[in-house]
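Residues per chain are reported as follows:
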Amino acid sequence: MLQKDPACLPLVIQFYGYQAAYAQIRRRFSEAIPLYIQQAEFAEQQNLPTSALNAWYQAAEFCRRKDTGRHYDVLERGYKAGVHLSDDEISASIIYLYTT
């Protein structure tokens, strides 16, 4: 990333997702949720909106099941991240799979 290689950004985003999924599998829910959120925030910082929307969805869905106190905050952040996306960008996201 220090050398500005664009191939690194998706790998870092994936890394956060893998870390979160691994924590989830190990039933370490308090570790998994912040990792999903970090994944979403990093994707937003790197101007990868579809990746961010997918990560926000994972974080919100996981909060809905395991940490309901954070669910609406995370859901709102995900909504704000995706509200400006085009129809094509939304159809390329995980959200499209659950709304059709």
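About the criteria used
- Residues numbered from 1 in each chain as written.
- Predicted model: local features only at pLDDT ≥ 70, side-chain atom pairs only at ≥ 80, totals over all residues.
- Heavy atoms only, no water.
- Helix = DSSP H or I, 4+ residues; strand = E, 2+ residues; numbered from the N terminus.
- Rg over C-alpha atoms; globule rule 2.2 N^0.38 Å.
- Phe/Tyr/Trp six-rings, centres within 6.5 Å; stacked < 30°, edge-to-face > 60°.
- Buried < 20%, exposed > 50% of the residue type's maximum accessible area, 1.4 Å probe, protein only.
- pLDDT = per-residue confidence, 0-100.
- Contact = heavy atoms within 4.5 Å.
- Core = buried A, V, L, I, M, F, W, Y, C linked by side-chain atoms within 4.5 Å.

### Regarding the overall build of the protein
Move 1: Along the backbone of the protein there are six helices and zero strands.
Move 2: Starting at the N terminus and walking to the C terminus, you meet the elements of the protein as α-α-α-α-α-α.
Move 3: Taken over the C-alpha trace, the protein has a radius of gyration of 13 Å; the compact-globule value for 100 residues is 13 Å, and the two agree within 12%.
Move 4: Overall, the protein is about 35 × 30 × 20 Å in size when its C-alpha atoms are taken along their principal axes.

### Side note on the packing of aromatic side chains
Move 1: Using the criterion set out here, one finds three aromatic pairs in the structure.
Move 2: Ring geometry for Tyr-16 against Phe-42: centres 6.0 Å apart, planes inclined by 55 degrees, an arrangement best described as tilted. Placement of the pair is Tyr-16 in helix H1 (residues 8–25) and Phe-42 in helix H2 (residues 29–45), with a sequence separation of 26 residues.
Move 3: When the ring of Tyr-36 is compared with that of Phe-62, the centres are 6.0 Å apart and the planes differ by 65 degrees; the resulting orientation is edge-to-face. Taken together, the residues Tyr-36 in helix H2 and Phe-62 in helix H3 (residues 49–66) connect sequence positions 26 residues apart.

### With respect to the environment of Ala-21
Move 1: Take Ala-21: it is sitting in helix H1.
Move 2: With relative accessibility at 26%, the residue Ala-21 sits in the partly exposed group.
Move 3: Between the C-alpha atoms of Ala-21 and Glu-31, which are ten residues apart in sequence, the distance is 9.8 Å.

### Things to note about the confidence of the model for the protein
Detailed reading of the predicted coordinates is not advisable wherever pLDDT is low.
Move 1: Averaged over all residues, the pLDDT of the protein is 84; the fraction at 70 or higher stands at 91%.
Move 2: Taking the mean pLDDT of every element in the protein, the minimum, 50, falls on helix H6 (residues 94–99) and the maximum, 93, on H2.
Move 3: Long-range and interchain partners of residues 96–100, a stretch whose pLDDT sits below 50, account for three contacts in this model, where long-range means more than four residues apart.

### Things to note about the nonpolar core
Move 1: Formed by 22 residues in total, the largest nonpolar core has its most connected members in Tyr-36, Ile-37, Trp-56, Phe-62 and Val-74.
Move 2: Listing elements by their share of this core, those giving two or more residues are H1, H2, H3 and helix H4 (68–82).
Move 3: Among the elements that make up this core, the one with the highest residue count is H2 (nine residues).
Move 4: If sequence neighbours within four positions are ignored, Trp-56 has contacts with Ile-37, Ala-40, Glu-41, Glu-44, Val-74, Arg-77, Gly-78 and Ala-81.

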